[in-house]
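Commentary on secondary and tertiary structure
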Protein chains: 2
Amino acid sequence: MEDKRELFEPQALRDFIYGVFMYFDVPEEDALLATDVLAYSDEHGIDSHGIARLKTYFGLLQAGRINPRPRLQLIREKHAVVTVDGDNGLGLVIGPKCMEIAIEKAREYGTGSVAVSHTNHFGAAGYYPLMAVKHDFIGMSMTNTSKGVAAFNGKEKMLGTNPVAMAFPTLKEPVVLMDFASSTVAYGKVEIAKRAGKKVPIGWCLDENGQATEDPERMINGGALLPLGSSRDGSGHKGYCLAGMVDILSAVLSGANWGPFAIPFAINTASSDKQVGKGIGHFFSVWDVDGFREVQEFKEEMDEWVRTLRAAVPLQGAQEVLIPGDPEWRAYEVRMKSGIPLQMEVVMDLKAISQTTGIPMP
Amino acid sequence: MEDKRELFEPQALRDFIYGVFMYFDVPEEDALLATDVLAYSDEHGIDSHGIARLKTYFGLLQAGRINPRPRLQLIREKHAVVTVDGDNGLGLVIGPKCMEIAIEKAREYGTGSVAVSHTNHFGAAGYYPLMAVKHDFIGMSMTNTSKGVAAFNGKEKMLGTNPVAMAFPTLKEPVVLMDFASSTVAYGKVEIAKRAGKKVPIGWCLDENGQATEDPERMINGGALLPLGSSRDGSGHKGYCLAGMVDILSAVLSGANWGPFAIPFAINTASSDKQVGKGIGHFFSVWDVDGFREVQEFKEEMDEWVRTLRAAVPLQGAQEVLIPGDPEWRAYEVRMKSGIPLQMEVVMDLKAISQTTGIPMP
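As the structure is a prediction and not an experimental result, all values here were calculated from the model.

Our focus in this paragraph is the confidence of the model for chain A. Chain-level statistics for chain A give a pLDDT mean of 96 and a share of 99% at 70 or above. Overall fold confidence (pTM) sits at 0.98, and the ipTM for the predicted complex is 0.97.

Set out below in structure tokens:
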């Protein structure tokens, strides 16, 4: 399949997203927040987590499976830590509000953490630590997601692709941003290979019998993704450990559905019969750099860190050593000038939403 | 090479380690602490981080490169966060003391974090979060280590094997403990293959030209380890991101030597000419479960988490799905009954130390 794409103005996409949330009676301020989170992905090259997911948010809101007007509740608090019940709201709204609480806690105590239950898919994990960086804080975000990944040595889907993101402030160099799933690859990469009729590398997927497979269809139909590291030789137990950390902090600690019970982010997928908590969970932590070290000094040292790593001799065939965050900042520069390329499939989804809602196409 | 091993009584090994630290005039209380950290590794099957390293601690203390009587200094503090200067002490002493500070902070504020500079190798990272678990807290530890791992797409050693560890309390099930390096494998595994005259799997090592190699000697002589994920297909950029997080939190935030400047833990290796801080760095965080959720409830849910994952259908050929920490608890059970097996090379090192110091062999 050809990968045809159409270019869109960033602001036009934002207007469309905003319109959709307003259509479902999301409060204006919340709709702006949710729009900013989704648009962040498209504007920074994370195509899998932006407007391509609007169809699913649309479907879930339409089916009444997400609460458009949640009342976020602080259900437990002890100085610098808080547990929040997201009232089944959009993760795109609950997420930024909870990160804001973590930032306030860090301002007061030097560090703060917020565990969140009863929430939904929160977009790209990297959005949240960047909120902290604006205050010269260090931010971390995690979320559990619906099952898709096998436990190490297991063949069944047991954990989500459970991402973790962190960001660190710098002075003149670009912000250092790490944002990655704890599986070898995201489900979206397997879907893309399937649509393109391509094989996937060994190490990404198991088939329905728990055998390593190159066939994306066999992963999709009853197989599973592999944790980062993939195999015994690749130390797949490490990706499994990482996914476990994220699952426990996000969901067991907050009282959300953990492991295989996490609520799926999909309109056609039924939840597990067994529920062990509320919704899915997120976890946010923030550290105030100033609590540890002079901020100016830290940021200068971060610049030096960036320059040192960037100067590393690249592998033959590789152009350069990238700094975590480079791909995002480069995509942003290009896309804000030239527009955001959307796959035709996504454009069709937007057209369908436009027809249903009367919101004009971007 | 045959892997011959001799069995030792756990307490006899502890006595020997303690004797060595006392020999160097380490204060009694500190010597007990350092002994407990080292012995933890041997007793829990982490052979690379226990008494096998005593030779190096011995050499560094003998050469005056580690301060046996450090005065730990709190150089900055803001409510729940602290920066400590470890006064070039043993990481085995500075580590537990700083984790204790993080625990006290969590008791007071719900969470606490300690960044430590001017310290040295702290043993197995998993020891520290287990200190927190004793109080029904969640613990996390990290440390940067001397360079050994290439940046993603790079061929030079730029970062350490930078491990991260977390532990979570449970009720009836064993504590959940994650403890892993951010490289595909630890340097020790490559050394073992070299001694045994064996090849290593592709994905562990680069040779001196930045080419993937199966030859452990070529990694050791001017090559580099690969970050977790190894290749582009395996998402090696994720291991690189993880190593970067650990490096920045442990060393840039604390004012220690970061990246390629980290002080080597070896008697025959000179430090980088350039120093960008003091010693190496650690980072500890603790969260009080009670700040988020009823402790009893959390621990029951953790038990359920453990049982659910353990019940996952294993891959063909794999006996079972393990829970993070299982390898440690199983090794402990065996070794405390049958004794601790040491490689003959390690036994020879102990004999040499015994002859120099007059401390009787265990």
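With an RMSD of 0.0 Å, chain B superimposes on chain A once it is rotated by 180° and translated 0.0 Å along the axis. A rotation of that kind, with that shift, is consistent with a two-fold axis. The position closest to the rotation axis in chain B is occupied by the C-alpha of B:Gly229, lying 2.4 Å away. Here 100% of the contact residues of chain B are again contact residues in chain A; the copies associate through an equivalent surface.

With that settled, the discussion passes to the packing of helix H3 (residues 54-62) of chain A against helix H11 (residues 344-357) of chain A. Residues and elements named next belong to chain A. Running from amino to carboxyl end, H3 crosses H11 at an angle of 35°, the nearest separation of the two axes being 10 Å. Crossing handedness for the pair H3 and H11: left-handed. Mapping the contact onto sequence places Leu54, Lys55, Phe58 and Gln62 in H3 and Asp349, Leu350, Ile353, Thr356 and Thr357 in H11. Looking at the contact of H3 with H11, its residues break down into 4 nonpolar, 3 polar and 2 charged.

This part covers H3(A). All names here are of chain A. With respect to burial, H3 is a largely interior element, 7 of its 9 residues being buried. Every buried residue of H3 is listed here: Leu54, Thr56, Tyr57, Phe58, Gly59, Leu60 and Leu61. Structurally, H3 contributes buried residues whose contacts are with helix H1 (10-23), helix H2 (28-43), helix H4 (91-109) and H11. A positive phi of about 70° marks Gly64, the residue just after H3.

It is worth spelling out the pairing of strand E13 (residues 280-288) of chain B at this point. Residue and element names in this part refer to chain B. The buried fraction of E13 is high, at 9 of 9 residues. Taking every second residue as pointing to the same face, both faces of E13 are buried, with Ile280, His282, Phe284, Val286 and Asp288 on one and Gly281, Phe283, Ser285 and Trp287 on the other. For strand E4 (residues 111-119) and E13, the ladder comprises 7 bridges, and the chain directions are antiparallel. Opposite Thr111, over in E13, you have Trp287 as the bridge partner.

It is worth spelling out the environment of A:Val347 at this point. Relative to the helices and strands, A:Val347 is located in helix H11. In sequence terms A:Val347 and A:Leu242 are 105 residues apart; their C-alpha atoms lie 35 Å from each other.

On to the sheet that holds strand E2 (residues 73-78) of chain B. Residues and elements named next belong to chain B. Spatially, the 7 strands line up as an open sheet ordered E2-E3-E4-E13-E5-E8-E9, and their pairing is mixed. Edge positions in the open sheet fall to E2 and strand E9 (176-180), since each of these has one partner strand only. Ignoring strand direction, the axes of neighbouring strands in this sheet form an average angle of 10°. Sheet topology note: the strand E5 (residues 137-143)/strand E8 (residues 164-168) ladder contains 4 bridges and is antiparallel. Its bridge partner being in E8, Ser141 is matched across the sheet by Ala165. On top of the sheet, helix H4 (residues 91-109) reaches E2, strand E3 (81-85), E4, E5 and E13; it is set at about 160° to E4, its chief contact.

With 91 residues of chain B at the interface, the matching set in chain A holds 91 residues. Taking both partners together, chain B and chain A bury about 7,500 Å²; carbon and sulfur atoms supply 67% of that area. Of all residues in chain B, B:Arg76, B:Lys238 and B:Phe292 bury the most surface against chain A, accounting for 10% of the area lost on that side. Our count for the chain B to chain A interface comes out at 39 residue pairs in polar contact (both at pLDDT 80 or more). Top contributing element to the side of chain B that touches chain A by residue count: helix H8 (residues 236-252) of chain B, with 10 residues.

Another aspect to go through is the sheet that holds strand E3 (residues 81-85) of chain A. Residue and element names in this part refer to chain A. The mixed open sheet is built from 7 strands, whose spatial order is E2-E3-E4-E13-E5-E8-E9. Strands at the two margins of the open sheet, each flanked by one partner only, are strand E2 (73-78) and strand E9 (176-180). In this sheet, neighbouring strand axes are inclined to one another by 10° on average, regardless of whether the strands run parallel or antiparallel. Of the strand pairs in this sheet, strand E5 (residues 137-143) and strand E13 (residues 280-288) are connected by 7 bridges, and their pairing is antiparallel. What sits directly across from Thr143, in E13, is His282. The strands that H4 touches are E2, E3, strand E4 (111-119), E5 and E13; relative to E4, the one it contacts most, it runs at about 160°. Against the sheet, helix H8 (residues 236-252) contacts E4, E5, strand E8 (164-168), E9 and E13, and its axis sits at roughly 95° relative to E5.

Next up on the list: empty space enclosed by the protein. Over the atoms, a rolled probe matching the size of one water molecule traces out where space is still vacant. According to the stated counting rule, one finds 1 cavity of 30 Å³ or more in the structure shown. Taken as a whole, the largest cavity spans an internal volume of roughly 140 Å³. Only E5, E8 and H8 of chain A together with E5, E8 and H8 of chain B provide two or more residues apiece to the lining of the largest cavity. The biggest single contributor to the lining of the largest cavity is H8(B), with 3 residues. Grouping the amino acids of the lining of the largest cavity by side-chain chemistry returns 14 nonpolar, no polar and no charged.

Parameters and conventions
- Residues numbered from 1 in each chain as written.
- Chains lettered and ligands numbered in written order.
- Predicted model: local features only at pLDDT ≥ 70, side-chain atom pairs only at ≥ 80, totals over all residues.
- Heavy atoms only, no water.
- pLDDT = per-residue confidence, 0-100.
- Least-squares fit on C-alpha atoms with pLDDT ≥ 70 in both.
- Contact = heavy atoms within 4.5 Å.
- Axes fitted to C-alpha atoms, helices over the stretch in contact; angles between N-to-C directions.
- Helix = DSSP H or I, 4+ residues; strand = E, 2+ residues; numbered from the N terminus.
- Left-handed = near helix turned anticlockwise from the far one by under 90°.
- Nonpolar A, V, L, I, M, F, W, Y, C, P; charged D, E, K, R; others polar.
- Buried < 20%, exposed > 50% of the residue type's maximum accessible area, 1.4 Å probe, protein only.
- Pairing = 2+ DSSP bridges.
- Buried area = accessible area lost by both parts, 1.4 Å probe.
- Polar contact = N/O pair within 3.5 Å; in protein donor to acceptor, adjacent residues only side chain to side chain.
- 1 Å grid on protein atoms, 1.4 Å probe; cavity = no way out; pocket = protein on both sides within 12 Å on 5 of 7 lines; lining within 4 Å.
- Points joined across faces, edges and corners; volume = space filled by probe spheres on them.

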